[in-house]
Amino acid sequence: MLLITCPWCGPRDEAEYHYGGQAHVPYPGNTADLTDEEWAAYVFYRDNPKGPFAERWMHGTGCRRWFNVLRDTTTYEVLAAYRLDEPRPALPQAGGNR
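First, a word on what this report is: a plain description of the structure on this page.

Reading the values: the criteria
Residues numbered from 1 in each chain as written. Predicted model: local features only at pLDDT ≥ 70, side-chain atom pairs only at ≥ 80, totals over all residues. Heavy atoms only, no water. Phe/Tyr/Trp six-rings, centres within 6.5 Å; stacked < 30°, edge-to-face > 60°. Helix = DSSP H or I, 4+ residues; strand = E, 2+ residues; numbered from the N terminus. Buried < 20%, exposed > 50% of the residue type's maximum accessible area, 1.4 Å probe, protein only. Lys NZ or Arg CZ within 6 Å of the ring centre and 35° of its normal. Contact = heavy atoms within 4.5 Å. Polar contact = N/O pair within 3.5 Å; in protein donor to acceptor, adjacent residues only side chain to side chain.

### Digging into the packing of aromatic side chains
How two aromatic rings sit relative to each other is set out by the distance from centre to centre and by the angle between their planes.
So, step 1. According to the stated counting rule, one finds six aromatic pairs in the structure shown.
So, step 2. Ring centres 6.4 Å apart and planes at 90° place the aromatic pair Tyr17 and Trp57 in the edge-to-face group. Of this pair, Tyr17 sits in strand S3 (residues 17-22) while Trp57 sits in strand S4 (residues 52-59), and the two are 40 residues apart along the sequence. An identical accessibility class is assigned to Tyr17 and Trp57; each is buried.
So, step 3. With centroids separated by 5.5 Å and ring planes inclined at 85°, the aromatic side chains of Tyr27 and Tyr42 adopt a geometry described as edge-to-face. Of the two residues, Tyr27 sits in the loop between S3 and helix H1 (36-44) while Tyr42 sits in helix H1, which places them 15 residues apart along the sequence.
So, step 4. An aromatic cluster is present here, built from Tyr17, Tyr19, Trp57 and Phe67 joined pairwise through their rings.
So, step 5. Its end group placed over the ring of Tyr42, Arg46 keeps NZ or CZ at 5.4 Å from the ring centre.
So, step 6. Across from the ring centre of Trp66, 4.9 Å away, lies the NZ or CZ of Arg56, which sits over that ring.

Right under this line is the structure:
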């Protein structure tokens, strides 16, 4: 089980949260101009990297706010948690201290 730190409530068990998918996915500018293929790509296709990945989470049994989590998909380690109005944190260089 993950220990996720809510930016407002502090560290809580994963069971208190709801996963919301990939973070930082921009909404298309003019959806009326999109082809069916372009709309399908926006709605259904997401990155699936091995390593650090930015995700959206909602604190369902706490403050009920959405925020972003930077998580390593290989180790499940939570690298950072940050509010939606904050920039994605920079990761330390490989081989460096965290």
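### Details of the environment of Trp57
So, step 1. Overall, the relative accessible area of 6% leaves Trp57 in the buried class.
So, step 2. Put simply, Trp57 and Tyr19 are 38 residues apart on the chain and 4.7 Å apart in space, counted from C-alpha to C-alpha.
So, step 3. Discounting residues that sit within four places of it in the chain, Trp57 has contacts with Ile4, Glu14, Tyr17, His18, Tyr19, Gly20, Arg65, Trp66, Phe67 and Val69.
So, step 4. Side chain to side chain, Trp57 and Glu55 meet in a polar contact 3.0 Å long.

As far as function goes, none of this settles anything; it's purely spatial.
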